[in-house]
Amino acid sequence: MAFKRAGKGQDPRGINGTVAENWQDAGPLLFLYTMFLAVDANFKLKGKDRKLDDIDLLTNKEAFVDQSEYLNHIQNYNEQSEMNMCQSKHDAIVRASTCSTPGYAVSSTALVLCSRHSLVRRNGVGDLQKGERYCNVHFAIFSTLIGVNIARVLLTYDIACQWSINWKKWNQKFPEHMWIPDTMKFDTAIPSRHINGHGQSCRQNFSLRYITGVVRTCGEEIESSWYHTNPLAASEREMGPAACRETLNDYWTGWNSERPLDFFSESVIMMEKHDIIFGCLSATFPPELIAKWTSMINTWEMNPSTAPNLYEEPENREALQNMQLELSQEESAEIVAGELPLNKVTKTGFLITGFELEDKQYQLHCQISNQKTSTAKWQADIQEKRNALLTRIHNWRQVQLSYTPQVASLLATSSAYDENGVTRVDNTEHIPLFMPSALPSEARLTPNVKQLCAMEARLHLGEWLWQFKKVNISGTGNRPNTHSNQISYKIEQVAHRYNQAYLTLSVLDPDGNWSENLRPLKKEDIRGPGKGPDDEKTSNGSSTDDGFHITMRVEWAKQRARMIRWKEEYQLVQEEMQRVTEGSSDVLHGVAAYTYKQANILQKMAKKCTSQWLPILRKNGIEPDWPLHHKAQSLSLQELKQDGTNEAVQNDYNNREEIDDDEHIGSEEENYVHYTNNTFDSFDFND
């Protein structure tokens, strides 16, 4: 029945005729014959323990797995523990070890669907009795792949980093007919949104952005499918187990028949867009460097398990966040040793807040300086921001005076106060903060301030590394339509932070090793990535610096991956169009005959129901209008019979052997003629 609905019931090639002949020889285009699957559990689709033993009408024919084999399998893993070796915690792992909900026989439902078009897979759904355990998910995945003969399967799962570790070992424990063939490539990935909750290793090795031949697969389609399935939850949980499965089978069968294909327009636009972006980015680097990177990334794509990952950027141990963590850990050790801080805010927190206040002051200064016209509303907004910033500065001052009491004498003579010692609110963005590096040299020699200066220097060094990356990389083709004034403002802000860090390090550690790599950042040094033809060395140092090239190589590789994914999408959508629209005259004749057959069945049902229901309705004074509708439909069928366009179908069945209607429904054309002439003509609607 499913084959007929898919237009393959009368195809001489059978269901295997869906794909092109000799698809194994497609070479680089073999990704066009990939099966994209997604698996997840829906914890809304539960089932109460009704103590009912009802019967499945269709076993192993629709969405749900074979229940007898399924239950026998999971009984062997009642005490199985789920191990989590990922850097992050996941609900799927946590729930796997939780007990089933009291009063419920089914705690949730695991589902496998096509992640390209959200089609629910046959034998890809299984009830879960105790969380999202591996044994249940394994059975649903391996069951839906029985008999599949295709080049590659791509499975997306929110815990693919865990599931993929031992899936081959688990597969060998299943019956032989459920084994994944060695000739089939089986890849796993984490859906695009779920991967943000994973660690760095998972984001680099299981991202859909970097795997070859995954087109623009998102993997979250299974999550979005819950919106139309969840409304069934309130009713299906009250049913018996078999009735619940039949209801969901019926619903998903209807859902599968209505899924559209409409991705081509977007794929054309985005393919051209990212191709231009990648070309512009590549043009900023020497051709020999591009050739080297291309060779490296091709090697990784051929063997990602052994070759270096080109999308992995070396971790920078001196980044601002890492410096902040190190300092916090050092302060924790001091507290354990009995050296309590002078304030409830730690020294690291005091310095970080000072950096933030410097940023806010600079942002407010730029906003005021760049405003050409001054309206009452704009002035009110600026005053609100000044008031908020001034409040933060006053609160921070209390912490500052506890760590650097020398600031009190500097504040008394500061221009930020008027002759009465009151803070000038109209100049909040220029109030001197007097960070430890800004104190007089004699004040910086005191033990407490000296320690703060050393901590500030370390934070500024980490901040420089962070800002250096943003100056050189931010906006390299990711958002070409962003307004230029927004980009310029961000670049100016980052450059200001860099120069502030440079000046601070010049005061605190003028002869440090940092001076070998850092240079004053000039305006002419701020430009796009890469190396100009006449540029041997810039103020930031050599443009051939290894760290810089590694960072730029990662950005180049990511943009290349975006471009290739859209090209793959463009090619796959066209292949899908061809699969849907292809057909022969023989197939079309078979589909037409199937239509006649279905019409005959429905006409018989209508006659039987009318003969039983209509006398009862009329006896109770009810005169429905649907009998007239059926009589009009009968006349329409007679006109269709006489239509010459069906001559090919009629001739196709002229030589078929007549079969008695009591034994068999009969050939489609015979039933069509018989019931068109007799079904309603033999029943008087006016009796």
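See the structure above.
Starting from 1, residues in each chain are numbered consecutively following that chain's sequence as written. With pLDDT at 70 or above as the cut-off, local features in this predicted model cover only qualifying residues; side-chain atom pairs require 80 or more to be listed or tallied, and sums for whole chains, interfaces and linings still use all residues. Values shown for side chains rest on all heavy atoms present in the structure; no hydrogens or waters enter the calculation.

1. A word on the packing of aromatic side chains
A pair of Phe, Tyr and Trp rings is counted when the ring centres sit within 6.5 Å of each other, with Trp represented by its six-membered ring. The angle between the planes then sorts it: under 30 degrees is stacked, over 60 is edge-to-face, the rest tilted. All told, the structure shown has 15 aromatic pairs when counted by the stated rule. Seen from their ring centres, Tyr210 and Tyr311 are 3.9 Å apart, and the 10° between their planes marks the pair as stacked. Here Tyr210 is found in the loop between helix 7 (200–205) and helix 8 (221–224), whereas its partner Tyr311 is found in the loop between helix 13 (287–302) and helix 14 (320–336), with 101 residues between them in sequence. Ring geometry for Trp300 against Tyr311: centres 5.3 Å apart, planes inclined by 75°, an arrangement best described as edge-to-face. Placement of the pair is Trp300 in helix 13 and Tyr311 in the loop between helix 13 and helix 14, with a sequence separation of 11 residues. Comparing Trp300 with Tyr311, the two get one shared label, buried. Strands are runs of DSSP state E lasting at least two residues, helices are runs of H or I lasting at least four, and both sets are numbered from the N terminus onward. Burial status follows relative accessibility: with a 1.4 Å probe on protein chains alone, a residue under 20% of its type maximum counts as buried, one over 50% as exposed, and anything between as partly exposed.

2. Focus on the pairing of strand 5 (residues 119–128)
Of all 10 residues making up strand 5, 7 are buried, and the element is well covered by its neighbours. Of the pairings in the sheet, the one linking strand 4 (residues 108–114) to strand 5 comprises 6 bridges and is antiparallel in character. Considered in strand 5, the bridge of Cys114 is made with Leu119. Two strands form a pair only when DSSP identifies at least two bridges running between them. In this structure, the hairpin formed by strand 4 and strand 5 is closed by a connection of 4 residues, where Ser118 is found at a positive phi of approximately 60°.

3. Description of the sheet that holds strand 6 (residues 152–156)
Here 5 strands make up an open sheet; going across it, the order is 5-4-1-6-7 and the pairing mixed. The sheet is open, and its two edges are formed by strand 5 and strand 7 (185–189), each paired on a single side. Taken over all neighbouring pairs, the strand axes of this sheet differ in orientation by 20° on average, direction set aside. With respect to the sheet, helix 4 (residues 134–144) is in contact with strand 1 (34–42), strand 4, strand 5, strand 6 and strand 7, its orientation differing from that of strand 5 by roughly 155°. Between N-to-C directions, angles cover 0 to 180 degrees, with each direction set by a line fitted to C-alpha atoms, over the stretch in contact for helices. What makes two residues a contact is simply this: any of their non-hydrogen atoms within 4.5 Å.

4. What about the nonpolar core?
Ranked by size, the top nonpolar core spans 50 residues in total, and within it Ile141, Phe142, Leu145, Val153, Trp163 and Phe186 carry the most contacts. Listing elements by their share of this core, those giving two or more residues are strand 1, helix 2 (67–74), strand 4, helix 4, strand 6, helix 5 (160–163), helix 6 (167–171) and strand 7. Ranked by residues supplied to this core, first place goes to helix 4 with 7 residues. Here Phe142 is in contact with Trp163, Trp167, Trp170, Asn171, Phe174, Met178 and Ile180, once residues within four sequence places are set aside. We define a nonpolar core as any set of buried Ala, Val, Leu, Ile, Met, Phe, Trp, Tyr and Cys residues linked to one another through side-chain atoms lying within 4.5 Å. With 20 residues, the next largest nonpolar core counts Leu357, Met435, Met455 and Leu459 among its residues.

5. Remarks on helix 2
For helix 2, every residue scored as buried is listed here: Gln67, Tyr70, His73 and Ile74. Burial along helix 2 is one-sided: seen end-on, the buried residues are contained in an arc of 130°. It is the directions from the helix axis to the C-beta atoms whose arc is reported.

6. Digging into the environment of Gly219
Within the secondary structure layout, Gly219 lies in the loop between helix 7 and helix 8. On a C-alpha basis, the gap between Gly219 and Phe36 in space is 8.8 Å, while along the polypeptide they are 183 residues apart. With near-sequence residues (within four places) excluded, Gly219 lies in contact with Ala38, Thr156, Pro191 and Leu208.

7. Quick word on the packing of helix 15 (residues 347–369) against helix 16 (residues 376–403)
It is at 10 Å that the axes of helix 15 and helix 16 come closest, and there the two elements cross at 155°. With respect to each other, helix 15 and helix 16 are oriented roughly antiparallel. Crossing of helix 15 over helix 16 shows left-handed handedness. In contact with Lys347, Phe350, Thr353, Gly354, Glu356, Leu357, Lys360, Gln361, Leu364, Gln367 and Ile368 of helix 15, helix 16 contributes Trp378, Ile382, Lys385, Arg386, Leu389, Arg392, Ile393, Trp396, Val399, Gln400 and Tyr403. Think of it as three bins: nonpolar holds Ala, Val, Leu, Ile, Met, Phe, Trp, Tyr, Cys and Pro, charged holds Asp, Glu, Lys and Arg, and polar takes everything else, Gly as well. Partitioning the contact of helix 15 with helix 16 into residue classes produces 11 nonpolar, 5 polar and 6 charged. Working definition: roughly parallel below 35 degrees, roughly antiparallel above 145 degrees, roughly perpendicular at 65 to 115 degrees, and oblique for all remaining angles. Crossing handedness is read from the near helix: turned anticlockwise from the far helix by less than a right angle, it gives a left-handed crossing, and turned clockwise, a right-handed one.

8. So, the side chain of His138
Locating His138 in the fold gives a position in helix 4. Residues in contact with His138, not counting those within four places in the same chain, are Trp163, Trp170 and Phe174.

9. Points about the pattern of salt bridges
For salt bridges, the criterion is a side-chain nitrogen of Lys or Arg within 4 Å of an Asp or Glu carboxyl oxygen. Considering all chains together, one arrives at 17 salt bridges under this definition. Here Asp187 and Arg152 are joined by a salt bridge, their closest N and O atoms 2.9 Å apart. A residue pair is termed long-range when its members are at least 10 positions apart, and Asp187 in strand 7 and Arg152 in strand 6 qualify at 35 residues. We note that Asp187, like Arg152, is buried. A salt bridge links Glu429 to Arg386, with the shortest nitrogen-to-oxygen separation between them at 2.9 Å. Here Glu429, found in the loop between helix 17 (407–412) and helix 18 (441–444), pairs with Arg386, found in helix 16; they are 43 residues apart in sequence, far enough to count as distant. Residue classification places Arg386 among the buried positions, given a relative accessible area of 13%. Through salt bridges with shared partners, one network takes in Lys48, Arg50 and Glu238.

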